[in-house]
Amino acid sequence: MIQLSRRQFLHSAAATTGATLLVGCSSKGQVIVQPESDESVNDQLWLSVSADNKIQITVPSSEMGQGVNTSCAMLITEELGCAWGDITVKTAPWNKTFNNPMFRMQMTGGSTTISSYWEPLRKVGATARTMFTEAAALKWQTDANTLSVKDGFVWNSSGDKLSFGELVGSAVSLDVPEEISLKPMSEHQLIGQPVARVDTPVKTEGKADFGIDVQFEGLRVATIMHSPVLNGTPSSFDKFAALAVKGVEDVVVLENAIAVVADTYWHAKKGIAALNAKFTGGEQGLNSAGVSATLTAQLDDKPLPDVKNAAEVYDFEYEVPFLAHATLEPMNCTVKLEEERIDIWVPSQSQSLTGQIAEKLTNLKQEQIHVHLTYLGGGFGRRGEIDFVAETIEIAQATGKPVKLIWSREEDTSNDFYRPVAKTRYRIGVDGSGKPIEWHNHLASPSIFERIFKLFAPGFISWVPFTRIIDDPVAVEGMKEVPYIKEPEFEYLQTKLPVPVGFWRSVGNSYSGFFTESAIDELAHAAGQDPYEYRLSTMHDERAKSVLTAAAKAAKWGRSDVAQGIAFHKSFGSYVAEVVDLSISESKEITLHKITIAVDSGIVVNPDTVEAQMEGGMIYGLVAAAEGEINFENGEVVEKNFDTYPILRMYQTPEIEVVMVPSGDAPGGVGEPGTPPIAAALTNAIFAANGERIRTLPISKSGYRIGTQMPMA
Amino acid sequence: MISLNVNGTQYDIDVEPDTPLLWAVRENIGLTGTKFGCGIAQCGACTMLINGQATRTCVFPASAAQGLEITTIEGVSDANDHPVQKAWQELEVPQCGYCQSGQILSAISLLNQNPTPSDNDINLQMMNICRCGTYPRIRKAVHRASEMWTNAAASSENEGENA
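Residues numbered from 1 in each chain as written. Chains lettered and ligands numbered in written order. Predicted model: local features only at pLDDT ≥ 70, side-chain atom pairs only at ≥ 80, totals over all residues. Heavy atoms only, no water.

A. Main features of the sheet that holds strand β6 (residues 148-150) of chain A. Residues and elements named next belong to chain A. Pairing in this open sheet of three strands is antiparallel, and the strands run β6-β7-β8 from one edge to the other. Two strands bound the open sheet, and with one partner strand each, they are β6 and β8 (161-163). Neighbour-to-neighbour, the strand axes of this sheet turn through a mean angle of 25 degrees, independent of strand direction. Sheet strands touched by helix α5 (residues 164-171): β6, β7 (153-155) and β8. Its angle to β8, the strand with the most contacts, is close to 75 degrees. (Pairing = 2+ DSSP bridges. Helix = DSSP H or I, 4+ residues; strand = E, 2+ residues; numbered from the N terminus. Axes fitted to C-alpha atoms, helices over the stretch in contact; angles between N-to-C directions. Contact = heavy atoms within 4.5 Å.)

B. Layout of the nonpolar core. Residues and elements named next belong to chain A. Within the largest apolar cluster, 156 residues are counted, with the highest numbers of intra-cluster contacts made by F322 and F515. With residues up to four places along the chain from it excluded, the contact list for F515 reads Y318, E319, V320, A422, T424, Y426, L443 and M479. Counting residues in each nonpolar core, the second largest holds 43 residues, with V49, L75, A135 and V195 among its members. (Core = buried A, V, L, I, M, F, W, Y, C linked by side-chain atoms within 4.5 Å. Buried < 20%, exposed > 50% of the residue type's maximum accessible area, 1.4 Å probe, protein only.)

C. Structural view of the interface of chain B and chain A. Counting residues at the interface gives 49 residues for chain B, matched by 61 residues for chain A. When residues of chain B are sorted by the area they lose upon contact with chain A, Q95, R131 and Y135 of chain B head the list and together hold 17% of the total. Seen at the junction of chain B and chain A, the total is 31 residue pairs in polar contact (both at pLDDT 80 or more). When contributions to the side of chain B that touches chain A are tallied by element, the ones reaching two or more residues are α1 (21-29), α2 (83-90), α3 (100-113), α4 (119-125) and α5 (135-162) of chain B. Looking at the side of chain B that touches chain A element by element, the count peaks at five residues for α5 of chain B. Of the residues that constitute the side of chain B that touches chain A, the class distribution is 22 nonpolar, 17 polar and 10 charged. (Buried area = accessible area lost by both parts, 1.4 Å probe. Polar contact = N/O pair within 3.5 Å; in protein donor to acceptor, adjacent residues only side chain to side chain. Nonpolar A, V, L, I, M, F, W, Y, C, P; charged D, E, K, R; others polar.)

D. Local environment of the pattern of salt bridges. Residue and element names in this part refer to chain A. The final tally for this structure, using the stated rule, is 50 salt bridges over all chains. Put simply, D86 and K54 hold a salt bridge, and the shortest N to O gap is 3.5 Å. Pair noted here: D86 is in the loop between α3 (68-80) and β5 (87-91) and K54 is in the loop between β3 (45-49) and β4 (55-59), with a separation of 32 residues, a long-range link. Overlapping salt bridges bring together D300, E317, E319, K423 and R425 as one network. (Salt bridge = Lys/Arg side-chain N within 4 Å of Asp/Glu carboxyl O.)

E. Focus on the pairing of strand β9 (residues 220-226) of chain A. Residue and element names in this part refer to chain A. When you tally the buried positions in β9, you get six out of seven residues, the bulk of the element. Bridging between β9 and strand β18 (residues 403-406) involves three bridges; their strand directions are parallel. By the bridge assignment, R220 is partnered in β18 with V403. In this structure, β9 lies alongside strand β12 (residues 257-262), joined through six bridges in antiparallel fashion. Residue pairing in the sheet places T223 in a bridge with V260 of β12.

F. Local environment of the pairing of strand β1 (residues 2-6) of chain B. Residues and elements named next belong to chain B. Counted residue by residue, β1 has four buried out of five residues, so it is predominantly covered. Here β1 pairs with strand β2 (residues 9-13) via five bridges, running antiparallel. Following the sheet pairing, S3 is matched in β2 by D12. Turn length for the β1-β2 hairpin, with the two strands adjacent in sequence and antiparallel, is two residues, and the turn residue N7 shows positive phi of about 55 degrees.

G. Region of interest: the packing of helix α4 (residues 113-140) of chain A against α5 of chain A. Residue and element names in this part refer to chain A. Put simply, α4 and α5 touch, their axes get as near as 9 Å, and they point 85 degrees apart. What the angle tells us is that α4 and α5 run roughly perpendicular. Contact residues: M131, F132, A135, A136 and K139 in α4; F164, E166, L167, V168, S170 and A171 in α5. Looking at the contact of α4 with α5 residue by residue, the class counts come to eight nonpolar, one polar and two charged. (Parallel < 35°, antiparallel > 145°, perpendicular 65-115°, else oblique.)

H. Spatial organisation of the sheet that holds β9 of chain A. Residue and element names in this part refer to chain A. Strand order in the open sheet formed by seven strands is β11-β12-β9-β18-β15-β16-β17, with mixed pairing between adjacent strands. The open sheet is flanked by β11 (248-253) and β17 (369-373), the only strands paired with a single partner. Pairwise comparison of adjacent strand axes, ignoring direction, gives a mean angle of 20 degrees for this sheet. Here strand β15 (residues 332-337) pairs with strand β16 (residues 342-346) via four bridges, running antiparallel. Bridge assignment links T334 to a residue of β16, and that residue is W345. Packing against the sheet, helix α10 (residues 351-362) makes contact with β15, β16 and β17, and its axis sits at approximately 145 degrees to β17. Strand contacts of helix α11 (residues 387-399): β9, β11, β12, β15, β16 and β18, with the helix running at about 35 degrees to β15, the strand carrying the most contacts.

I. Looking closely at the confidence of the model for chain B. With 97% of its residues at a pLDDT of 70 or more, chain B has an overall mean of 95. Interface confidence in the predicted complex, given as ipTM, is 0.97; pTM for the same model is 0.95. (pLDDT = per-residue confidence, 0-100.)

J. Fine view of the confidence of the model for chain A. With 92% of its residues at a pLDDT of 70 or more, chain A has an overall mean of 92. Confidence drops under a pLDDT of 50 for residues 1-19 of chain A, and excluding neighbours within four residues, the segment shows 23 contacts in the predicted structure.

K. Seen up close, empty space enclosed by the protein. Residues and elements named next belong to chain A. With the rule as written, the count across this model stands at nine cavities of 30 Å³ or more. Quantified by volume, the largest cavity comes out at close to 120 Å³. As for the largest cavity, its lining consists of 14 residues, and the residues nearest its centre are S510, G621, A624, A679 and L697. Those elements that provide at least two residues to the lining of the largest cavity are α18 (607-627) and α19 (678-690). A total of three residues in the lining of the largest cavity trace back to one element, the largest contributor, which is α18. Here the residues of the lining of the largest cavity sort into 10 nonpolar, three polar and one charged. (1 Å grid on protein atoms, 1.4 Å probe; cavity = no way out; pocket = protein on both sides within 12 Å on 5 of 7 lines; lining within 4 Å. Points joined across faces, edges and corners; volume = space filled by probe spheres on them.)

Written out as structure tokens, the structure is:
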């Protein structure tokens, strides 16, 4: 029997307490209002208001720590005019009404939740508010203009009030207003405030259910061993030894992996060990030295052109490795498959991709496929993939049992869709004052979109302009356009490698931030100029200048008691500059003193969330820059757990100051923009400290390690 | 059969002696607040208190926990109001939240031994991994919890004197 979550129970209760006003919004931004009828309409609801004034808000995006449950609810609540304490939140099911307009599918990614849903969420709230006001006006036989809305009530000028709940019955019979007005920014009471997150309490008492926590009567637990060599296939295994392990029920052989199904994870894991599985074939010749050589050959094959008219010409080369996502909750999915119905509980960044793979594998129709998103123990782009969903469905099909598949950490790290390797060359000509006047840049890197095009094909081709298909739009981000020269001559050289690559927090910006900000730093030093002043006088974008200045000011740029490095990067509609203060010992141990982040992310919904995302995004990039690398040896991933793929700990993390640069511009993203600048800010600081220019990440390859942080006065 | 005292309740469960306490509690008892992150005691998501000491239970055999007091996140308080939990809420510490049960238990263990830790004390004791980067907020929250803890202790002392 499935335990109903508190959220689901409230929804059902509302269904039985009388008329409920339900408000939906199509993906084209059209608001739908109707009385509750049958179950099918529930899947399209953004907002429901019960007779007893309880408000349930459906959040289109996955909650993976970026605070969307709260910020989306704030947008609706601001316009609706209910009391914040009366709302509950649930995550959207699989339904195209919730499609992310940026991607025309359901996908929490690209730091787009606020920018994508800024309009629709407020329209939903405003529409409901308008209808309640009209309903009250009719009841009181007065002009709607004389009424006001506050805390879930409509008030007239005499001080009488009617609750939304009381008005639901009459509101449902009104026409949906054609035109609704949104509150001006100056009247915002909630938007722009550091409202406490709605999911914080459950996360401090262990009651937040992640995918790995799903449990119900009869549910089996499976774990899996993939071929250690990429693309290998099972060649031998002792099925009976596995089945002899107490609690083990089934062994399921997939194309590149073997799963063991048991009553508990521990028994399934023992079953895997008992299998003594061997694999054969695959990419046995794949190794990191070869990968690097392939990138080099790619670049050698397309030499940079000569620079003709420049005072000086500089050649730079930079390289970054594959990176794993390493979400703390490993990949998992739960499937209950019946004749005419499938239920999938999964920590996923896409309801629609999850539903579509279920459609494909089971031949069930959308109405029969129920996708229940749980909290995600980290996403970072990894959980927009459906490989682990497909595996779980296949295991459920093979065994005829409901099953929860949990990957071990080793399987998680070695079966990722990695942040691509990338190697780049610049040839930059500068004028007499050291400023860039000619900028040539080639990038060699495998393409994420080559795989994604195939995955998303039908819907995708319908909207992508043909010319875009020729280039990988994310490989080139932050390289094709740079803040320091108007028309860089940039070429992306797609490198063919068998390694699966995917979206890793900030995607192409995760390396273009390092590349661009290293090159510009080298140019600044070559010109004998201060790196901050050089950037400021070379960039043209006013918003970029503002964040750079704000970061430098807050970091007391130019102080002589520490070494400082600065970097800027614009991504996902937001502008971020970061400064690292450090000192380095003789033995290359780095003491981080402080990291300053300045951000202009346009209109801010929840400033506390913006601050948290800047801290978190920066740290995510810092960890990678310090010691993140995924290597291959004879086709096998070398680093499989946190002993060999280390993650920075608290003692290494310094004081962080986040400065928010106010802006009236359209909301930009905050989930990813903190990540791109940190690597170069770090290596630029190292250069300032001791003159060593690091051009290959992570810095551990050059013998550096991050020691205990220490604040300065 | 193995008998475990978890959050003050005795549970008799049928598991092999070498079953890690983490999995015995999560799957055989059904308390899922403590999480699995790595299986090799590197990340701390599996932290429980055993006789008040933070312990990485993914490598701790259930049989070894017999006769000991096991505290999980579920047993920290009845109303989500332990000073550490309140500090975590006040400072909006959790992002995805997956590591936070372990972080909270580690903080409680630290404060039990050292109610007024310095930044350095916190840095040395709190080794749990957080992928979302909540470290700076955790550090502040431990200080805040310490403040609330020592204030509470001081006021109950005063009450005792006035009684």
